[in-house]
There are 2 protein chains.
Amino acid sequence: MEAARPLALERKLYEDVAERVALLIEQKTLRPGERIPSVRAMSAQQRVSVSTVLQAYLLLENRGLIETRPQSGHYVRVRARELPAEPRMSRPPTSTTRVTVSDLVARVYGATRDPHIVPLGAAYPSADVLPTERLNRLMAQVARRAGRRAMAYDAPPGCPELRRQIARRALTAGCTIAPDEIVTTSGAMEALHLALRAVADAGDTIAIETPTYYGVLQLIETLGMRALEIPTHPRDGLHLDALETALKQFRVKAVLATPNFNNPLGSLMPDAHKARLVQLLGRREVPLIEDDIYGDLHFGPERPRAARAFDRDGLVLLCASFSKTIAPGYRVGWCAPGRFRERVERLKFMHSVATATLPQMAIAAFLDQGGYDRHLRALRRNLAAQVRRYAEAVSEHFPRGTRLTRPAGGFVLWVELPAGVSALEVHSRALSRGISVAPGPIFSAKQRFANFVRVNCGHPWSDEISRAVATLGRLAAEAAT
Amino acid sequence: MEAARPLALERKLYEDVAERVALLIEQKTLRPGERIPSVRAMSAQQRVSVSTVLQAYLLLENRGLIETRPQSGHYVRVRARELPAEPRMSRPPTSTTRVTVSDLVARVYGATRDPHIVPLGAAYPSADVLPTERLNRLMAQVARRAGRRAMAYDAPPGCPELRRQIARRALTAGCTIAPDEIVTTSGAMEALHLALRAVADAGDTIAIETPTYYGVLQLIETLGMRALEIPTHPRDGLHLDALETALKQFRVKAVLATPNFNNPLGSLMPDAHKARLVQLLGRREVPLIEDDIYGDLHFGPERPRAARAFDRDGLVLLCASFSKTIAPGYRVGWCAPGRFRERVERLKFMHSVATATLPQMAIAAFLDQGGYDRHLRALRRNLAAQVRRYAEAVSEHFPRGTRLTRPAGGFVLWVELPAGVSALEVHSRALSRGISVAPGPIFSAKQRFANFVRVNCGHPWSDEISRAVATLGRLAAEAAT
């Protein structure tokens, strides 16, 4: 943590600069199409280095506020002003809930099997932006060479090469994790499942962000646990004062959160919040299950730290996978369970004995051969551009009164439709027109967010998707009248 | 079921013949080394066809009672008489139990990670008897050709080609299963897990065989369910009268059993028992979770039917995998959940979203390309020979008073040490000498079977294994005095 301070300071600097420029745009001091101060000028004005300004401008570009014109400089994007306002902080009623979202989820997810349905529902990146050829080739290579090893159970904690690679990469998230702490899993869902079961039992209360990924809600539902929804801000994530109050009021057994790019919000919890969160929970010995599957998909210039980076008590169970960045279908994830390592390892054995050997070896080879960082840079650029493109289309086609998140990473948009519009109705009408979209209520244990939809932006923009977003907007507008 | 009758009749015939010859050997009417009546003579004597006698002799050969000498005929095996008596039927106390075997299991299973330990513990077949080269080559081929499909979530119910192949092969177990009923899983453990959760909740009572596979006990433990151990015979499996009594006495929520080659017993429930079992449960609407992972590994000439073959109510959830016959490390299994299909499919999504795509495709290709039956014939021959060889070594080296199962399939031996010998002690002394063996108590919810060990015979006989079995015998003898 000591060593991380200068970095954090630098981040603060360029975020400040970006924030100031964003404000100028917001207040129309800088208008759409207008040139913004050159990097050099801004550097002099703000008394920061040229590289800090460059980072600030990159951030603004990724947020879709400015654009670079070659040989000419940076300009306020023409369409940027058209983006509707952001949704407000969620304010769930303060009580725990038994969860029941499975029926709805089954419908949304079932749609992924049908190639004729436009995939704005389930959140996954298209194979077009993934290292398809390269990874499959590596898999073929690994399979040809693995011999007997491919056949044997890769008993928990799992493939040593992969665990070593994961430990190395954890540094980018500010975490020092020993390969021996890591347990590999069949994707992050299994990791979250094991983590939840390692720290809590049926009947226990789990505090979560709201909205939150429906897979987590289903998990809590199926394990007979109770969900306590904590107010969550679309930019900053978990509202820590609210969490602190809840911790006093309820016997919270664990917190499960996605500080980096909550799905569906795309929120990014600032480092200071992460530190406070870990401290808050550490004082009470409440474990934090941290879902960091989107952490590598930041639009800002730097990989955000995991909350785990601030943990000194072994109370943070860090879960992630390669499903959002390399290959959903390979089903390779992991958990670094801190002091719960042994329990998670045993649960893994009970769950599925072992993770498939060859997919782990292929992912480890991909990580080892150095293409991952290059791939991530391209992937982030693509996803940031896609999210921007989808957001513009939503702005264009959705009815007045629609609100829209500004995700700081990941690849989903959280769209608040005008009050009174039923997302469930929009969802089912869209499905009958061959378009899948995720309705808001599945992101809440209490099936709130009745007028929200989540839009998956994991697929490259195309005419078909353009038409689908326009249709969604029309359906929302019809439902609004 | 109508069509199956002649087959069942034929099976009855050769089993009768085999039984009669076995009795002659048992009573020393036919002595070790002596020639037994020729196929032709026996056919005339018993008024059955030549082919029935051939099947009977094959069965006896696989059981290790007789041997074929080329150009000469069939002989009573010289060592056959040395095999000690079989263990008796298990007689558990009649009460339900909360289960706690995980600590012990972790030690047994942990040993599989160490290549220097002689692997008589965990039950898995060596890569030497598996289609290692062929399958890995298929995997490489599939990976090179799969393109985008390899990258995508293979959403439940899972890979269509694989489900079609599984449905086709289910016929050999007497089952007609639609591909659409099947849900693919990460191995049979996940299938059993999903099946258990689909039919029962924490606190519910599950009737099981005793001894039973420790993975199942752990599952019941971790799901907070209660186990009700039913007396089980080392040859016939579940004692149905005892089960019927238990069903009257307790609110049994489901039965979980392995009619074909219970692990560790190697018992084979006769068809008539299977029919009665299904009927017994059907009348009470109690689901049967049938674990059939060893079904393809019969030593007798015919693939035994699954209990599911007798089910007309959709109450049998048939679970299996390719981990015991093709590749443990590929982690491909399945569940045909009958009327619980939808629930199992949803649970699968919650557990791990999807099964890894490429391993499923590789297994499907292997099944499709017709090598599976040929492979199975060789595998069964190898395993039967290995089990026989291990059994002989146990007979030779273990102390007087040892009892030994006669598995009808699979690849484990269940060894009853003389009364008073602590299997846990033998286990830990063996481990300190670099030998893993599974101690009896982990096969019981009540940690009974204090003087039993299970010996994995999945590895080809070798000097190292020979020495290890001799060491085990010596340790058991020391503990007996």
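Everything numeric here is computed off the predicted structure, so don't read it as measured data.

What counts and what doesn't
The residue numbers shown here count from 1 along each chain, following its written sequence. Chain labels run from A onward and ligand labels from 1 onward, assigned in the order the entries are written. The predicted nature of this model means local features are confined to residues of pLDDT at least 70 and side-chain atom pairs, given and counted, to a pLDDT of 80 or more, with totals for whole chains, interfaces and linings taken over all residues. Only hydrogens and water are set aside; all other atoms, that is, all heavy atoms of the structure, feed into the side-chain values. Here the copies are matched by least squares. The fit uses the C-alpha atoms of residues with pLDDT of at least 70 in both. Only heavy atoms enter the contact rule, under which two residues are in contact if any of them lie within 4.5 Å. Two strands are said to pair when DSSP picks up at least two bridges between them. Helix numbers and strand numbers start at the N terminus; a helix is a DSSP run of H or I with at least 4 residues, a strand a run of E with at least 2. In this analysis, axes come from line fits to C-alpha atoms, helices being fitted only over the stretch in contact, and the angle between any two N-to-C directions falls in the range 0 to 180 degrees. Every helix has an expected span of 1.5 Å times one less than the residues it contains. Categorising residues by exposure relies on relative accessible area from a 1.4 Å probe, with only protein chains included: less than 20% of the type maximum marks a residue as buried, more than 50% marks it as exposed, and the intermediate range marks it as partly exposed. A quick way to say it: buried area is the sum, across both parts, of accessible area lost when two parts are put together, with a 1.4 Å probe. What makes a salt bridge here is a side-chain nitrogen of Lys or Arg within 4 Å of a carboxyl oxygen of Asp or Glu, nothing more. What qualifies as a polar contact is a pair of N or O atoms within 3.5 Å, subject to a donor-acceptor requirement within protein and to the restriction that residues adjacent in sequence count only when both atoms come from side chains. Roughly parallel means an angle under 35 degrees; roughly antiparallel means over 145; roughly perpendicular covers 65 to 115; every other angle is labelled oblique. We call a crossing left-handed when the near helix sits turned anticlockwise from the far one by less than a right angle, and right-handed when that turn is clockwise. Under the convention adopted here, Pro, Cys and the residues Ala, Val, Leu, Ile, Met, Phe, Trp and Tyr are nonpolar, Asp, Glu, Lys and Arg are charged, and Gly plus all remaining residues are polar. What is meant by a nonpolar core is a set of buried Ala, Val, Leu, Ile, Met, Phe, Trp, Tyr and Cys residues, joined one to another through side-chain atoms within 4.5 Å. The predictor's confidence in any single residue is recorded as pLDDT, a number from 0 to 100. What makes a patch is a set of residues exposed beyond 30% relative accessible area and free of salt bridges, joined within 9 Å when like-charged and within 5 Å when nonpolar (Val, Leu, Ile, Met, Phe, Trp, Tyr). The accessible surface values rely on the Shrake-Rupley method and a 1.4 Å probe; as for residues, cover is taken only from the protein chains in view. This count recognises Lys and Arg as positive and Asp and Glu as negative, with His and chain-terminal groups excluded. Think of each charge as sitting on NZ of Lys, CZ of Arg, CG of Asp or CD of Glu.

**Quick notes on the relation of the copies chain B and chain A**
- When chain B is fitted onto chain A, the two copies agree to an RMSD of 0.0 Å after a turn of 180 degrees and an axial shift of 0.0 Å. Both copies are brought into coincidence by an operation consistent with a two-fold rotation axis. Relative to the rotation axis, the closest C-alpha in chain B is found at Ala140 of chain B, a distance of 1.9 Å.
- Looking at the interface residues of chain B, 100% of them are also at the interface in chain A, so both copies use one shared face.

**Brief notes about the sheet that holds strand S17 (residues 452-456) of chain B**
Residue and element names in this part refer to chain B.
- Ordered by their spatial adjacency, five strands build an open sheet running S4-S16-S17-S15-S14, and the pairing between neighbours is mixed. One side of each edge strand has no neighbouring strand; the edge strands of this open sheet are strand S4 (118-120) and strand S14 (403-404).
- Direction of pairing for S14 relative to strand S15 (residues 412-416): antiparallel, over a ladder of two bridges. Within the sheet, the bridge partner assigned to Arg403 lies in S15 and is Glu416.
- Across the sheet, helix H15 (residues 423-432) is in contact with strand S16 (435-439) and S17; its angle to S16 comes to roughly 165 degrees.

**Quick word on helix H3 (residues 50-62) of chain A**
Residues and elements named next belong to chain A.
- When the terminal C-alpha atoms of H3 are compared, their 18 Å separation across 13 residues agrees well with the 18 Å that a helix rising 1.5 Å per residue should span.
- Buried residues of H3: Thr52, Val53, Gln55, Ala56, Tyr57, Leu59, Leu60 and Asn62, and no others.
- In the segment just after H3, Gly64 is the residue with positive phi, at about 85 degrees.

**Thoughts on the interface of chain B and chain A**
- The interface of chain B with chain A comprises 67 residues on the first partner and 67 residues on the second.
- Between chain B and chain A the total buried area reaches about 5100 Å² when both faces are included, carbon and sulfur atoms providing 60% of it.
- Summed over the shared surface of chain B and chain A, the result is two salt bridges.
- Between Arg148 of chain A and Asp128 of chain B there is a salt bridge; the shortest N-O distance is 2.2 Å.
- Joining chain B to chain A, the criterion identifies 16 residue pairs in polar contact (both at pLDDT 80 or more).
- For the side of chain B that touches chain A, the secondary structure elements donating two or more residues are helix H4 (102-110), helix H5 (132-146), helix H6 (148-151), helix H7 (160-170), helix H8 (187-199), helix H9 (214-222), helix H12 (341-352) and helix H13 (357-368) of chain B.

**A few points about the packing of helix H8 (residues 187-199) of chain A against helix H12 (residues 341-352) of chain A**
Residues and elements named next belong to chain A.
- At a closest axis distance of 9 Å, the pairing of H8 and H12 adopts a crossing angle of 125 degrees. By the angle between their axes, H8 is oblique relative to H12. Pair H8 / H12 crosses with right-handed handedness. In contact with Glu190, His193, Leu194, Ala195, Arg197 and Ala198 of H8, H12 contributes Arg343, Val344, Leu347, Lys348, His351 and Ser352.
- A breakdown of the residues in the contact of H8 with H12 according to their chemical character gives five nonpolar, three polar and four charged.

**Things to note about the nonpolar core**
- Ranked by internal contacts, the top residues of the largest apolar core, which has 207 residues, are Tyr330 of chain A together with Tyr330 of chain B.
- For Tyr330 of chain B, the contacting residues outside a window of four places in its chain are Ala150, Met151, Ala356 and Leu358 of chain A together with Leu135, Asn136, Met139, Pro359, Ala362 and Ile363 of chain B.

**Describing the sheet that holds strand S15 (residues 435-439) of chain A**
Residue and element names in this part refer to chain A.
- Reading across from one edge, S4-S15-S16-S14-S13 is the order of the five strands in this open sheet, with mixed pairing throughout. If you trace the sheet from one side to the other, it starts and ends with strand S4 (118-120) and strand S13 (403-404), each paired once.
- The sheet strands contacting helix H14 (residues 371-397) are S4, S13, strand S14 (412-416) and strand S16 (452-456), and the helix crosses S14 at an angle near 20 degrees.

**Considering the side chain of Thr258 of chain B**
- Its location among the elements puts Thr258 of chain B in the loop between strand S10 (252-257) and helix H11 (271-284).
- Leaving out residues up to four positions away in the same chain, Thr258 of chain B has contacts with Glu209 and Asp291 of chain B.

**Quick look at the confidence of the model for chain A**
Residues and elements named next belong to chain A.
- Scored by pLDDT, chain A has a mean of 91; 95% of the residues are at 70 or more.
- The low-confidence segment residues 1-5 (pLDDT under 50) makes four contacts with residues lying over four places distant or belonging to another chain.
- With a pTM of 0.85, the predicted complex shows an ipTM of 0.84.

**Structural notes on the environment of Ala272 of chain B**
- Assignment of secondary structure puts Ala272 of chain B in helix H11.
- A C-alpha to C-alpha distance of 9.7 Å links Ala272 of chain B and Ala307 of chain B, two positions 35 residues apart in sequence.

**Considerations on the pattern of salt bridges**
- Enumeration over the complete set of coordinates arrives at 52 salt bridges over all chains.
- Note that Arg346 of chain A and Glu342 of chain A form a salt bridge whose closest N and O atoms lie 2.7 Å from each other. Placement of the pair is Arg346 of chain A and Glu342 of chain A together in helix H12, with a separation of four residues, close to one helical turn.
- The partner of Asp241 of chain B in a salt bridge is Arg276 of chain B, and the shortest N-O contact between them spans 2.8 Å. Taken together, the residues Asp241 of chain B in helix H10 (residues 240-249) and Arg276 of chain B in helix H11 connect sequence positions 35 residues apart.
- The exposure class of Asp241 of chain B is partly exposed, given its relative accessible area of 43%.
- Shared partners join several salt bridges into a network, and the residues in it are Glu67, Arg69, Arg77, Arg389 and Glu392 of chain A.

**Focus: H9 of chain B**
- The buried count for H9 of chain B comes to seven of nine residues, which makes it a mostly enclosed element.
- Buried within H9 of chain B are the following residues: Tyr214, Gly215, Val216, Leu217, Gln218, Leu219 and Ile220 of chain B.

**A look at a positive patch on the surface**
- Residues Arg144 and Arg145 of chain A together with Arg144 and Arg145 of chain B make up a contiguous surface patch of positive charge.
- For the positive patch, the elements supplying multiple residues, two or more each, are helix H5 (132-146) of chain A together with H5 of chain B.
- Mapped onto the fold, Arg144 of chain A is located in helix H5.
- Owing to a relative accessible area of 46%, Arg144 of chain A belongs among the partly exposed residues under this scheme.

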